[in-house]
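Architecture at a glance
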Amino acid sequence: MAKLQSLETFSLHETENGYRLLVSAVGGDALYVEITPAQMDDIIESLEAAMGGEDEEAAEDDDEGF
């Protein structure tokens, strides 16, 4: 199993085929990964779920506009 390291930085860049993500750990090497649009959607959904999801009222307010 890989050693767990603390995140130092990350950056995301859009490419012709999806995205390129750079992740670096404190005191560790940088890792580049290529992400498809479908994988990016999965990542976003996972992050939203981890953060408790989008509040339904907030989502409704966004649809109404000002």
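Here we summarise the structure given alongside this text. Bear in mind the structure is a predicted one, so any value in this text is a computation, not a measurement.

Calculation notes
Residues numbered from 1 in each chain as written. Predicted model: local features only at pLDDT ≥ 70, side-chain atom pairs only at ≥ 80, totals over all residues. Heavy atoms only, no water. Patch = residues over 30% accessible without salt bridge, like charges linked within 9 Å, V, L, I, M, F, W, Y side chains within 5 Å. Areas by Shrake-Rupley, 256 points an atom, 1.4 Å probe, with all protein chains shown as cover. Salt bridge = Lys/Arg side-chain N within 4 Å of Asp/Glu carboxyl O. Lys, Arg positive; Asp, Glu negative; His and termini not counted. Charge placed at Lys NZ, Arg CZ, Asp CG, Glu CD. Helix = DSSP H or I, 4+ residues; strand = E, 2+ residues; numbered from the N terminus. Buried < 20%, exposed > 50% of the residue type's maximum accessible area, 1.4 Å probe, protein only. Contact = heavy atoms within 4.5 Å. Expected span 1.5 Å × (residues − 1). Pairing = 2+ DSSP bridges.

1. Focus on a negative patch on the surface
- Side chains of D41, D42, E45 and E48 sit close together on the surface and give a patch of like negative charge.
- Assignment of secondary structure puts D41 in helix α1 (residues 37-50).
- By relative accessible area, which is 44% here, D41 ends up partly exposed.

2. As for the side chain of S24
- Following the sequence through the fold, S24 ends up in strand β2 (residues 18-25).
- When residues no more than four places from it in sequence are discounted, the contact partners of S24 are S6, L7, E8, T9, D29 and A30.

3. Some points on α1
- Taking 1.5 Å as the rise per residue, α1 with 14 residues should run 20 Å; its terminal C-alpha atoms sit 20 Å apart, in good agreement.
- Positive backbone phi, at 100°, marks G52, one or two positions downstream of α1.

4. Quick notes on the pairing of β2
- Alignment of strand β1 (residues 7-15) against β2, held across 8 bridges, turns out to be antiparallel. Counterpart to F10 in the pairing with β2 is V23.
- Between β1 and β2, which pair antiparallel and follow one another directly, the connecting turn spans 2 residues.
- As judged from the 6 bridges shared by β2 and strand β3 (residues 30-35), these two strands associate in the antiparallel manner. In the sheet register, L22 faces β3, and the bridge partner there is Y32.
- Here β2 folds back onto β3 in antiparallel fashion, the turn holding 4 residues, of which G27 has a positive phi close to 70°.

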